[in-house]
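Understanding the architecture of this molecule
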Amino acid sequence: MKVLILGSGGREHALAWAIARSPRVTEVVCAPGNGGMAQTARCLPVDLKDLDAMVRLAETERPALTVVGPELPLSLGVVDALRERGLRVFGPTRAAAMLESSKGFAKQFLERHHIPTANYAVCTNLVEVEKAIDIFHPPIVVKADGLFAGKGVIICPSRQTATEAAQGLFSGTLLGEAASQVVVEEFLEGDEVSFLCLSDGVHVAPLVPAQDHKRIGEGDTGPNTGGMGVYSTDALLDPAMTEWILRHIAAPTVTGMAAEGTPFTGVLYCGLMMTARGPQVLEFNARFGDPETQAILVRLESDLVDALEACVDGRLAETPLRWSAGASACVVASSGGYPGNYATGLPISGLAAAAHVPGVEVFHAGTALKNGQMLTAGGRVLGVTAAADSLAEALDRAYQAMAEIAFEGMYYRRDIGHRALKQKPVS
Ligand code: AMP
Ligand code: GLY
């Protein structure tokens, strides 16, 4: 069968790698893809902001399955459009993807279904914001409604700064686009866990848990990024906690979406804060995480295509996922200057040597293949990913492979997984 993957990042490279391993897959097509995907799959140009272009491409290629990576095409309704044309596609409809594309919708949905989340107010103007923040104790979290690639969340140390942040979001000075709604939210403290599950609209199947490192600097300092590294171990969540999250967060979300007439099929990514009063939803994403997917998929032993098709066909309950015990880690190499301005087009060396380190997969994000030379082409360039029996070993392997790779200005965090390595197991 032919599978089309929409997207161009590390997440999509990992999806392409896992999908190509299925014995049922004869061809993987990536649109637009990146330098890494171009080495093993056919890549076709497409603008992920252009719904008609994506539909035309899928109608020409007629894949047996389309897998949508990023949130933007989901929020444009690419799943609805392909389904209307009789094409099988993995991902939520535009209405279901609102769990990610509108933070206001997600918060009100969580409240309607009694799913634990931070206290909040959805505000459409500054007067409402000022009224709302009077009842919150600083720090106060202010979020823009909409897709802002992680940049729409501001943690404010005082009421004054919260008001200013909301003002900046409404006027458009902060994000370059005026927000129509702003969510004001209680600040939660605890460890963050990325809890992803597959859903066929009725059932949920958890993937292995992961922890993301969003800040650019070591010790979790400096500005937020798309994610500088991630690790996955079973120790992140014990079986009782996993069961609790499934029963009180993931399952009621899927049941609630179905009850509201907008069933959710695809990947439900629950961004959780493990607080003193239990897990709370920080956010939903309606797609695989990046770089979580890289670390998660190297631990998947069963066939990813079977699982994705089971979601499309409503057969998830009969399609168990199998995972390797142990751990995995993904360390991101970024361009110098990221998440600010950075140069592109710089040659990358050492990729073959890195790939030879046992247990390592080098997933490409912002790369381009030009005349046989791999060049940098984005902020996050590579995700060096390794699986092993223990987290310490997975990290050793990833860093050993990373040491082989070089490009001008290359930066990576040397402390991925540090929190888990320091932690003593709780009993
Ligand atoms: P979001 O896009 O909503 O996940 O927010 C991005 C990041 O901001 C999260 O991963 C958290 O690190 C932080 N964050 C969001 N909401 C809160 C909150 N209510 N309390 C503390 N931190 C938060
Ligand atoms: N790693 C965070 C995200 O995919 O949104």
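Look above for the structure.
An account of the accompanying structure is given in this report. Just so we're clear, the structure is a prediction, and the values are computed from it rather than from any experiment.

**A closer look at helix α14 (residues 391-402)**
Relative to the 16 Å expected for twelve residues at 1.5 Å per residue, α14 spans 16 Å between its end C-alpha atoms, a close match to the ideal helical length. Taken residue by residue, α14 has Leu 391, Ala 394, Leu 395, Ala 398, Tyr 399, Ala 401 and Met 402 as its buried positions. Each buried residue of α14 sits inside an arc of 160 degrees when the element is viewed along its axis, so together they form one side. In this structure, the buried residues of α14 make contact with β15 (229-233), β18 (327-334), α13 (351-355), β19 (360-364), β22 (380-388) and α15 (418-422).

**So, the side chain of Ser 101**
Summarising the element assignment, Ser 101 is placed in helix α6 (residues 98-101). Leaving out residues up to four positions away in the same chain, Ser 101 has contacts with Ser 75, Asp 145, Gly 146 and Leu 147.

**Quick look at the environment of Pro 32**
Note that Pro 32 resides in strand β2 (residues 27-32). For Pro 32 and Met 257, which are 225 residues apart along the polypeptide, the C-alpha to C-alpha distance reads 31 Å.

**What to know about the pattern of salt bridges**
A side chain with one charge can pair with a side chain of the opposite charge if their charged atoms come near. Scanning all chains against the criterion turns up 26 salt bridges. With a shortest N-O distance of 2.8 Å, Glu 61 and Arg 42 are connected by a salt bridge. One end of the pair, Glu 61, is in helix α3 (residues 51-61); the other, Arg 42, is in strand β3 (residues 42-43), and 19 residues separate them in sequence. Of the charged contacts, one joins Asp 313 and Arg 88 as a salt bridge, the two residues approaching to 2.7 Å between their closest N and O atoms. One end of the pair, Asp 313, is in helix α12 (residues 304-313); the other, Arg 88, is in the loop between α5 (78-84) and β5 (89-90), and 225 residues separate them in sequence. Connected via shared salt-bridge partners are Arg 24, Arg 88, Asp 306, Glu 309, Asp 313 and Arg 315.

**Concerning the site of ligand 2**
What surrounds ligand 2 is the set Asp 212, Gly 226, Tyr 269, Asn 285, Arg 287, Gly 289, Asp 290, Pro 291 and Glu 292. Residue Asn 285 places a side-chain N or O atom 3.4 Å away from an oxygen atom belonging to ligand 2. Summarising the interface, the protein chains cover 89% of the accessible area of ligand 2, which totals 200 Å² for the free molecule. By residue class, the composition of the shell around ligand 2 is two nonpolar, three polar and four charged.

**Some thoughts on the sheet that holds β5**
If you trace the five strands from one edge of the open sheet to the other, you get β3-β2-β1-β4-β5, paired in parallel fashion. Each having just a single partner strand, β3 and β5 make up the two edges of the open sheet. In this structure, β2 lies alongside β3, joined through two bridges in parallel fashion. Directly across from Cys 30, in β3, lies its bridge partner Cys 43. Across the sheet, helix α1 (residues 10-20) lies against β1 (2-7), β2 and β4 (65-68), angled at about 170 degrees from β1, the strand it touches most.

**Overview of the site of ligand 1**
The full set close to ligand 1 counts 14 residues, and Glu 185, Glu 186, Leu 188, Glu 192 and Glu 283 are the nearest of them. One nitrogen or oxygen atom from the side chain of Lys 143 is found 3.0 Å from an oxygen atom belonging to ligand 1. Leu 188 has a polar backbone atom sitting 2.8 Å from a nitrogen atom of ligand 1. Taken by itself ligand 1 offers 470 Å² of open surface, and the protein chains cover 91% of this. The residue inventory of the shell around ligand 1, partitioned by class, reads seven nonpolar, no polar and seven charged.

**Quick look at the packing of aromatic side chains**
The description of two aromatic rings rests on the distance between their centres and on the angle between their planes. Within the structure shown, the criterion is met by five aromatic pairs. Ring geometry for Tyr 399 versus Tyr 412: centroids 6.0 Å apart, planes at 35 degrees, classification tilted. You can see Tyr 399 sitting in helix α14 and its partner Tyr 412 sitting in the loop between α14 and α15, a full 13 residues away along the chain. Here Tyr 399 falls in the buried class, since its relative accessible area comes to 18%.

**Looking at the nonpolar core**
If you look at the biggest cluster of nonpolar residues, it comprises 46 residues, and the most contacted ones within it are Leu 6, Leu 99, Phe 195, Leu 268, Leu 272 and Phe 284. Of the residues forming this core, the biggest block, six residues, is contributed by helix α10 (residues 239-259). Residues within four places of Leu 6 in sequence aside, it is in contact with Glu 12, Ala 31, Leu 48, Met 54, Leu 57, Thr 66, Val 67, Val 68, Gly 69, Pro 70 and Val 78.

**With respect to the environment of Cys 123**
Of note, Cys 123 is situated in strand β6 (residues 120-123). Measuring from C-alpha to C-alpha, the distance between Cys 123 and Cys 156 comes to 16 Å, with 33 residues separating the pair along the chain. Those residues in contact with Cys 123 that lie beyond four places of it in its chain are Glu 128, Val 129, Ala 132, Phe 170, Ser 180, Gln 181, Val 182 and Val 184.

Rules behind the numbers
- Along every chain, residues carry numbers that run from 1 in the direction the sequence is written.
- Key to labels: chains lettered from A, ligands numbered from 1, both in the order written.
- Selection of residues for local features in this predicted model requires a pLDDT of at least 70, selection of side-chain atom pairs for listing and counting requires 80 or more, and totals for whole chains, interfaces and linings are taken over all residues.
- Computation of side-chain values: all heavy atoms of the structure, hydrogens and water removed.
- Helical segments are the DSSP runs of H or I of at least four residues, strand segments are the runs of E of at least two, and each set is numbered from the N terminus.
- In a helix, the anticipated span is given by 1.5 Å times the number of residues less one.
- Each residue is assigned to one of three classes by its accessible area relative to the maximum for its type, calculated with a 1.4 Å probe on protein chains only: buried under 20%, partly exposed between the two thresholds, exposed over 50%.
- Summarising the geometry, the arc corresponds to the directions from the helix axis toward the C-beta atoms.
- For this analysis, residues touch if any pair of their heavy atoms sits within 4.5 Å.
- Whenever a carboxyl oxygen of Asp or Glu lies within 4 Å of a side-chain nitrogen of Lys or Arg, that contact is scored as a salt bridge.
- In these notes, residues near a molecule or strand are those with any non-hydrogen atom within 4 Å of it.
- Between N or O atoms, a polar contact is any pair within 3.5 Å; within protein, one atom must be a potential hydrogen donor and the other a potential acceptor, and residues adjacent in sequence are included only when both atoms are from side chains.
- In short, Shrake-Rupley with a 1.4 Å probe defines the accessible areas, and a residue's cover is counted only from the protein chains shown.
- Each residue is assigned to one class: nonpolar for Ala, Val, Leu, Ile, Met, Phe, Trp, Tyr, Cys and Pro, charged for Asp, Glu, Lys and Arg, and polar for all the others, Gly among them.
- The rule for pairing is simple: two strands pair if DSSP sees at least two bridges between them.
- With axes taken as lines fitted to C-alpha atoms, and helix axes fitted only over the stretch in contact, angles between N-to-C directions fall between 0 and 180 degrees.
- Centres within 6.5 Å are what make two rings of Phe, Tyr or Trp a pair, Trp counting through its six-membered ring; a difference in plane orientation under 30 degrees is then read as stacked, over 60 as edge-to-face, and the rest as tilted.
- The set of buried Ala, Val, Leu, Ile, Met, Phe, Trp, Tyr and Cys residues whose side-chain atoms join them within 4.5 Å is what this entry labels a nonpolar core.

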